[in-house]
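For reference, the chains in residue letters:
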Amino acid sequence: MEGLNKVGVVGAGMMGAEIALCFAMSGYEVYMKDATLELAQKGKDRLEGVLDKAIQKGRFQAKDKAPTLNRIIPTDKNKSFKDVDLVVEAVFEDLKIKKEVFSQLDSICKSDCVFATNTSSISITLLATSVRPERIGRFLGAHFFSPASVMKLVEVIPGLETEEETVAFMMDCCRKIGKTPIRVKDVTGFAVNRILHAMWIEANRLVEEGVATPEDIDTACKLGLGHPIGPYALMDLTGNDLNLKVQEILYETYGERFRPRPILKQKVNANHLGRKTGRGWYEYKK
Ligand SMILES: NC(=O)c1ccc[n+]([C@@H]2O[C@H](COP(=O)([O-])OP(=O)(O)OC[C@H]3O[C@@H](n4cnc5c(N)ncnc54)[C@H](O)[C@@H]3O)[C@@H](O)[C@H]2O)c1
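Residues numbered from 1 in each chain as written. Predicted model: local features only at pLDDT ≥ 70, side-chain atom pairs only at ≥ 80, totals over all residues. Heavy atoms only, no water.

Caption draft 1: Representation of the domain arrangement of the chain in the model. Here the chain is partitioned into domain 1 (6-183) and domain 2 (192-276). Distance from the C-alpha centre of domain 1 to the C-alpha centre of domain 2: 28 Å. With seven residues of domain 1 in contact, the opposing surface of domain 2 contributes four residues. Summed over both sides, the interface between domain 1 and domain 2 buries roughly 390 Å², with carbon and sulfur atoms accounting for 60% of that surface. Here domain 1 is connected to domain 2 by zero salt bridges. (Domains from an automatic or database assignment. Contact = heavy atoms within 4.5 Å. Buried area = accessible area lost by both parts, 1.4 Å probe. Salt bridge = Lys/Arg side-chain N within 4 Å of Asp/Glu carboxyl O.)

So this is what it looks like as C-alpha cells:
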C-alpha cells in the first residue's frame, strides 16, 4: 500500500464536502464527485462560507483560503478517481446507492486504493461485499462527525475481512488531517451514536415525565456536565426525522433500551424537525 497523495470523496453534501475540505486543508489534492458536476460544484461553493467562518474564529488563515479550495476538484466522473489512494464515500444513507458507488469505483481505482465509508448505520461488513474479493481487505468504515471540518473525532471501523494494514493506513490518514481516530467494532451505531441516543432517549423520558423542560435539560448538560451544546439544541441541528430513524435502527438491533419515545415521534409528525423546518424543540427565525 502506498502513502496518501490523492484523495477521492464521493458525495458533496453536508458531510462529503467538509470531509474533502479536511484533506484539502492539510495539503492533499481531492477529487470530489457528486451525481452531477453542478452538485459537486455546489458542494464546493458552500465551503467558501465554512472557511470564512473558520477565518473569523481564528482557526484558519485568510491567505490559505484560495490554495485550499483550488485543491478540491469537483467532478461527476468515476475516472477522476483512477489515481487516488483513498476513497471516502459520503452519499445518501442507502444500501443500494452505496453498493452501486463502490462496485463502480472498484473497477476504476488502483488495486491498492483503500475504500472508506462514512455510513452512520449500515454494516461495514455488508457494504464491503460491494467490492471484489481482492479489495475486501482494503475496505473499512471512517465515521466523521458533523461539522466534519471542526469535529476532531473519526471512528475507524474494520469490517470482518479488513486487513490490519488498512486500519493502520486509515488511522494514519486521520492523524495527517489533524483528526483523532478511535478504533470501533462493526456494531450498529458504532460507539458514539449508542452513547448519544441512549442519552437523548433518557432526556425525552425526563421531558415526558415533566421532570424538566428541554431548555433546563440543555442548561443542565452544559453547566452540570460541561457539554458544549445541550441535547435538545443538538437534536434540532441533526434533525428529528434523522434522530427518529437512527433510534428505530438501534431499537431493531438492541431492543427495548433504544425504543424511540412517543414525544420524538410527535415532533416528527408535527414536522418540528429542527432548524431545517424553523421549529423543533426550539423555534428559529427563518
Ligand atoms: N449528517 C450527519 O450528521 C452525518 C454524520 C456522520 C455520518 N453521516 C453519513 O454521511 C453520509 C452522507 O450524509 P450527508 O448528511 O452528507 O447527506 P447529504 O444528503 O447532505 O449528501 C449526500 C450527497 O450524496 C450525493 N449523492 C447521492 N447519490 C450519489 C451517487 N450515486 N454518486 C455521487 N453522489 C451521490 C447527493 O447528491 C448529496 O450531495 C450518510 O451515509 C450519512 O449517514 C452523516
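Now, onward.
Caption draft 2: Seen up close, the pairing of strand 4 (residues 86-89). Burial of strand 4 is two-sided: the residues Leu86 and Val88 facing one way and the residues Val87 and Glu89 facing the other way are all buried. Across four bridges, the pairing between strand 1 (residues 6-10) and strand 4 is parallel. The partner of Val9 across the bridge, within strand 4, is Val88. Both strand 4 and strand 5 (residues 114-117) contribute to a ladder of four bridges, which runs parallel. Within strand 5, the position partnered with Glu89 by the bridge is Thr117. (Buried < 20%, exposed > 50% of the residue type's maximum accessible area, 1.4 Å probe, protein only. Helix = DSSP H or I, 4+ residues; strand = E, 2+ residues; numbered from the N terminus. Pairing = 2+ DSSP bridges.)

Caption draft 3: Region of the structure containing the layout of surface pockets. The computed volume of the second largest pocket comes to approximately 230 Å³. In terms of lining, the second largest pocket is formed by 14 residues, of which the most central are Met25, Ser149, Lys152, Ile177 and Lys179. Secondary structure elements with two or more residues in the lining of the second largest pocket: helix 1 (14-25) and helix 2 (37-56). Taken together, the residues that form the lining of the second largest pocket break down as eight nonpolar, three polar and three charged. (1 Å grid on protein atoms, 1.4 Å probe; cavity = no way out; pocket = protein on both sides within 12 Å on 5 of 7 lines; lining within 4 Å. Points joined across faces, edges and corners; volume = space filled by probe spheres on them. Nonpolar A, V, L, I, M, F, W, Y, C, P; charged D, E, K, R; others polar.)

Caption draft 4: A look at the environment of Val50. Along the chain, Val50 turns up in helix 2. Residue class for Val50 comes out buried when judged on its relative accessible area of 19%. On a C-alpha basis, the gap between Val50 and Pro262 in space is 36 Å, while along the polypeptide they are 212 residues apart. Sequence-distant contacts of Val50, that is, excluding residues within four places in its chain, are made with Glu18, Leu21 and Ser149.

Caption draft 5: Main features of the packing of helix 7 (residues 192-208) against helix 11 (residues 262-269). Contact geometry of helix 7 with helix 11 gives a least axis separation of 8 Å together with a crossing angle of 90 degrees. On the basis of the axis angle, helix 7 is roughly perpendicular to helix 11. Only Pro262, Ile263 and Leu264 of helix 11 make contact with helix 7, whose side of the interface consists of Asn204, Val207 and Glu208. In terms of residue class, the contact of helix 7 with helix 11 is made up of four nonpolar, one polar and one charged. (Axes fitted to C-alpha atoms, helices over the stretch in contact; angles between N-to-C directions. Parallel < 35°, antiparallel > 145°, perpendicular 65-115°, else oblique.)

Caption draft 6: Broad picture of the sheet that holds strand 2 (residues 29-33). Judged by pairing direction, the sheet is mixed, and its eight strands sit side by side in the order 3-2-1-4-5-6-7-8 without closing on themselves. Looking at the sheet topology across the chains shown, the edges are occupied by strand 3 (72-75) and strand 8 (180-183). Neighbouring strand axes in the sheet, compared pairwise and without regard to direction, differ in orientation by 25 degrees on average. Each of strand 1, strand 2, strand 3, strand 4 and strand 6 (139-144) touches helix 1; the most contacted strand, strand 2, lies at about 170 degrees to it. Packed onto the sheet, helix 6 (residues 164-176) meets strand 4, strand 5, strand 6, strand 7 (153-158) and strand 8 and runs at close to 155 degrees relative to strand 8.

Caption draft 7: Layout of the pattern of salt bridges. What the rule picks out here adds up to 19 salt bridges. One salt bridge in this structure joins Lys77 and Asp76, with 3.0 Å as the shortest N-O distance. Judged by its relative accessible area of 30%, Asp76 is partly exposed. Among the salt bridges present, the one from Asp83 reaches Lys82, with a minimum N-O distance of 4.0 Å. Using a relative accessible area of 37% as the deciding quantity, one classes Asp83 as partly exposed. Classification of Lys82 by relative accessible area gives partly exposed; the value is 49%. Put simply, Asp106, Arg132, Glu134 and Arg135 are held in one network by salt bridges that share partners.

Caption draft 8: Focus on the site of the ligand. If you check the shell around the ligand, you find 22 residues, and the closest are Met15, Asp34, Glu93, Lys98 and Ser120. Here an oxygen atom of the ligand and a backbone polar atom of Gly13 are 3.5 Å apart. The side chain of Asp34 places a nitrogen or oxygen atom 2.6 Å from an oxygen atom of the ligand. The fraction of the free accessible surface of the ligand (840 Å²) that becomes covered by protein chains is 79%. Counting only elements with at least two residues in the shell around the ligand, the list comes to helix 1, helix 4 (95-106) and strand 6. Examining the composition of the shell around the ligand, we find that three residues originate from one element, helix 4, more than from any other. Looking at the shell around the ligand residue by residue, the classes come out as twelve nonpolar, seven polar and three charged. (Near = heavy atom within 4 Å. Polar contact = N/O pair within 3.5 Å; in protein donor to acceptor, adjacent residues only side chain to side chain. Areas by Shrake-Rupley, 256 points an atom, 1.4 Å probe, with all protein chains shown as cover.)

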